[in-house]
Each structure stands twice: as C-alpha cells, then as structure tokens.
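Working through the structure, step by step
Given next are the chains, with one letter for each unit.
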Amino acid sequence: MSLRYRGRFAPSPTGPLHAGSLVAALASWLDARAHAGTWLVRIEDVDTPRCVPGTDQLILSQLAACGLHPDEPPVWQSQRTALYQAALDRLLREGHAYPCGCSRSDIAQALAASGHAKPRHGELVYPGTCRNGLHGKPARAVRLRCDETITWVDRRLGLQVQNVAETVGDFVLKRADGLWAYQLAVVVDDADQGITDVVRGEDLADNTARQILLQRRLGLPTPRYLHTPLVLNDVGEKLSKQSGAQAIDTCKPVAALRAAAQVLGLPPLSAHGHGPWLAEAVTAWRARSV
Ligand code: GLU
C-alpha cells in the first residue's frame, strides 16, 4: 500500500517570494494536486540572523494571491525546537553524533597539516578531529558521524551518488552559536509531517544525501525527491533573495505563474484568472508526471 501523498513548500523567511522560489512553490503544489495529495507550507525560520521580520506573512500572502493555499495551517520551525532536541539527544545517545570543540581556524589548520585544505562551496570538509573526544576543548557544535556513500534517485535528475564522508565530512547538526542546522530541522520536520514527496529547487539537491543519511540514523523513512530547475539572472547566477531578486508581482499572479510554469517545462496554457489557470496546469503536470 502506498502512503497518501503529502508534499510541502518550505521557504526561509529571508525575503519575499521571487520568480525562483515561486517555481519551487508551484511545482510542489502541482505535484501534490496531481497526486490528489495534501500540500503544506512550513516556514523555515531556524537561522534567525538571516530571517527578516514580517517576510513569513508576506510569503503566505503572496502564495495566497497566486491561489496556492496550504491544506493545513502552516508551521514555523522556531516553534518546533523540542522535536529537534529530541532527535539530537537520540543521535548523541546512540553514538551517531558527537560534540565538536573545533573553531573554523582549528579545522583549516588541521586540513592544511594533512594536505587536504580544499573547501567545498566555501565549506571545509571536517577532518574528524573530535570524533574520539574533545581533548579538553569545550564543546561548540554537534556533528553527525558520516562514513558512507549515499545513492538516491531524483525524479528529474536521475541517479545521484555522493560519498558523504569525503565530500562533506561529519556535518553540523547544532551550530556553535546554538542554532539548529537546516539539515536536522528539515529531516525531523519532513518525517514528523509525514512528507512523502519533497519537491524543491535544484540548488538543494546537494543536501539530499546528507538528509537521507540522517533519516537512516534516526530510523525515519526517506521521501521521494524531485528537484526543479533554477531561475538564473542576466549573468547566469541563481536568482536568490541574497542576490536581491525582485518580489513577484502579486497584482499579476497569472503572469508570475506562467513564467514559473515555463521554467518547469509546462506547455503554454490558455486559461485566464489564477483559478482556471491552476486547474489547467494540474492537468498538464499530471499528463507528464513521473
Ligand atoms: N528553507 C529552504 C530554502 O528556502 C528549503 C528547504 C527545503 O525545501 O528542503 O532554501
């Protein structure tokens, strides 16, 4: 028996919805509707220094203006920290996670000393210094012990393989500044909310192996994954809130939806008004759905 479809859109409230984030929102909504499933919105506000007050409500109203209404009340990650703590406690108790006392410069020095100083996306691959104890240093972050290669199949990108130990290393679950890491919060929440299908932007595909590893350590199911194409700006960079992408024009929701649908490779749809347009889009999505 297959589980009833549950999908989600999980924006970080760091800025308004823009043409790029609308693609992920629309794709996750269409996929849920095409599978007669449930669509949820989760506000990912754990990285508090990056959050902009008021953008959570702004994003919800932008989604509503486009006719994208969640089927259950939205949740805020900032109100769910007890769940993250319980997961972390379990990982620590079972020896899958360990406290780490290294600063960034400790990590850089250890890597340079072993001749492995290559950063990846600006992140240093943790050399495992505190795996067997803190050696008298105070605990700063908590990391997950990673020893394996994860293979998974994306519904659009196909077979994916990542040696998590070599490419990422033991990654952070709780940060030195006390904040919960995205990887832990997203895995705990997807499982707690019964998410069967994650549909999100391709920029997040690289996180999936880490998330699957974490699911396995916590004994949680792995959802199906579909990573959607990104919207690039004039100079070929990913459109993002950080690079100052413009908010979608909610006075013209169908124009914004049409642009998102084009990125998703849907054929041009004739309907006017966002209700009929969305209905037509569900049919088009279902026709080519995998
Ligand atoms: N909150 C993340 C973001 O806005 C998305 C997380 C996810 O969909 O897994 O980039």
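Residues numbered from 1 in each chain as written. Predicted model: local features only at pLDDT ≥ 70, side-chain atom pairs only at ≥ 80, totals over all residues. Heavy atoms only, no water.

1. A look at the overall build of the protein
Across its full length, the protein holds 9 helices and 12 strands. By the compact-globule yardstick of 19 Å for 290 residues, the protein fits well, its C-alpha radius of gyration being 20 Å. Oriented by its inertia axes, the alpha-carbon framework of the protein measures out at about 65 × 45 × 35 Å. Looking at the 290 residues of the protein, the share that counts as buried comes to 48%. Residue pairs at least 24 apart in sequence account for 76% of intrachain contacts in the protein once pairs closer than 6 positions are excluded. Of the roughly 13,400 Å² of accessible surface on the protein, 56% is carried by carbon and sulfur atoms. Here the protein contributes 32 positive and 28 negative side-chain charges, whose respective centroids are spaced 2 Å apart. (Helix = DSSP H or I, 4+ residues; strand = E, 2+ residues; numbered from the N terminus. Rg over C-alpha atoms; globule rule 2.2 N^0.38 Å. Buried < 20%, exposed > 50% of the residue type's maximum accessible area, 1.4 Å probe, protein only. Contact = heavy atoms within 4.5 Å. Areas by Shrake-Rupley, 256 points an atom, 1.4 Å probe, with all protein chains shown as cover. Lys, Arg positive; Asp, Glu negative; His and termini not counted. Charge placed at Lys NZ, Arg CZ, Asp CG, Glu CD.)

2. Thoughts on the site of the ligand
Every residue lining the ligand is accounted for by Arg8, Ala10, Pro11, Ser12, Glu44, Tyr182, Val186, Arg200 and Leu204. Here a nitrogen atom of the ligand sits 2.6 Å away from a polar atom, N or O, in the side chain of Glu44. In this structure, Tyr182 approaches the ligand through a side-chain N or O atom, which is 2.9 Å from an oxygen atom. Protein burial of the ligand: of its 300 Å² of free accessible surface, 81% is covered by the chains. Considered class by class, the residues forming the shell around the ligand number 5 nonpolar, 1 polar and 3 charged. (Near = heavy atom within 4 Å. Polar contact = N/O pair within 3.5 Å; in protein donor to acceptor, adjacent residues only side chain to side chain. Nonpolar A, V, L, I, M, F, W, Y, C, P; charged D, E, K, R; others polar.)

3. Brief notes about the nonpolar core
Leu22, Leu26, Leu63, Leu68 and Trp277 are the most contacted members of the largest nonpolar core, which has 43 residues in total. For this core, the secondary-structure elements that each account for two or more residues are helix H1 (19-34), strand E2 (38-43), helix H2 (55-65), helix H8 (253-263) and helix H9 (274-287). No other element matches H1, which puts 10 residues into this core. Not counting residues within four places of it along the chain, the set of residues in contact with Leu22 comprises Leu17, Cys66, Leu68, Ile248, Ala256, Leu257 and Ala260. In terms of nonpolar packing, the next biggest core, distinct from the first, is built from 31 residues, Leu40, Val46, Ala97 and Trp152 among them. (Core = buried A, V, L, I, M, F, W, Y, C linked by side-chain atoms within 4.5 Å.)

4. Overview of the pairing of E2
With 6 of 6 residues buried, E2 is to be regarded as a mostly interior element. Side chains Thr38, Leu40 and Arg42 project from E2 onto one buried face, and the interleaved Trp39, Val41 and Ile43 project onto a second face that is buried too. Here strand E1 (residues 6-9) pairs with E2 via 4 bridges, running parallel. Paired with Arg6 across the bridge in E2 is Thr38. Regarding topology, H1 serves as the crossover connection from E1 to the parallel E2, and that connection is right-handed. Where E2 and strand E3 (residues 75-76) come together, 2 bridges link them in parallel fashion. Note that in E3 the partner of Arg42 across the bridge is Val75. Handedness of the crossover joining E2 and E3 through H2 is recorded here as right-handed. (Pairing = 2+ DSSP bridges. Right-handed = clockwise from strand over helix to strand, strands pointing away.)

5. A word on the packing of aromatic side chains
Enumeration according to the criterion identifies 2 aromatic pairs in this entry. Measuring from centroid to centroid gives 6.0 Å for Tyr84 and Trp180, while their planes differ by 65 degrees, and the two rings are edge-to-face. With Tyr84 in helix H3 (residues 81-93) and Trp180 in the loop between strand E10 (172-174) and helix H6 (182-192), the pair connects residues that are 96 residues apart, well separated along the chain. Neither residue differs from the other here; Tyr84 and Trp180 are each classed as buried. Ring geometry for Trp152 and Tyr225: centres 5.8 Å apart, planes at 70 degrees, overall edge-to-face. Of the two residues, Trp152 sits in strand E8 (residues 149-154) while Tyr225 sits in strand E12 (residues 224-228), which places them 73 residues apart along the sequence. Summarising the burial analysis for this pair, Trp152 and Tyr225 share the class buried. A cation over an aromatic ring shows up here: Arg143 above the ring of Tyr126, its NZ or CZ 3.8 Å from the ring centre. Here Arg288 stacks its cationic end above the ring of Trp285, 4.5 Å away from the centre of that ring. (Phe/Tyr/Trp six-rings, centres within 6.5 Å; stacked < 30°, edge-to-face > 60°. Lys NZ or Arg CZ within 6 Å of the ring centre and 35° of its normal.)

6. Section: unusual backbone geometry
One non-glycine residue, Ala36, lies in positive phi territory at about 50 degrees. Look at Ala36 and you get exposed, because its relative accessible area is 51%. Backbone geometry at His135 places phi at a positive 50 degrees, although glycine is not the residue there. Counting through the fold element by element, His135 comes out in the loop between strand E6 (123-124) and strand E7 (141-144).

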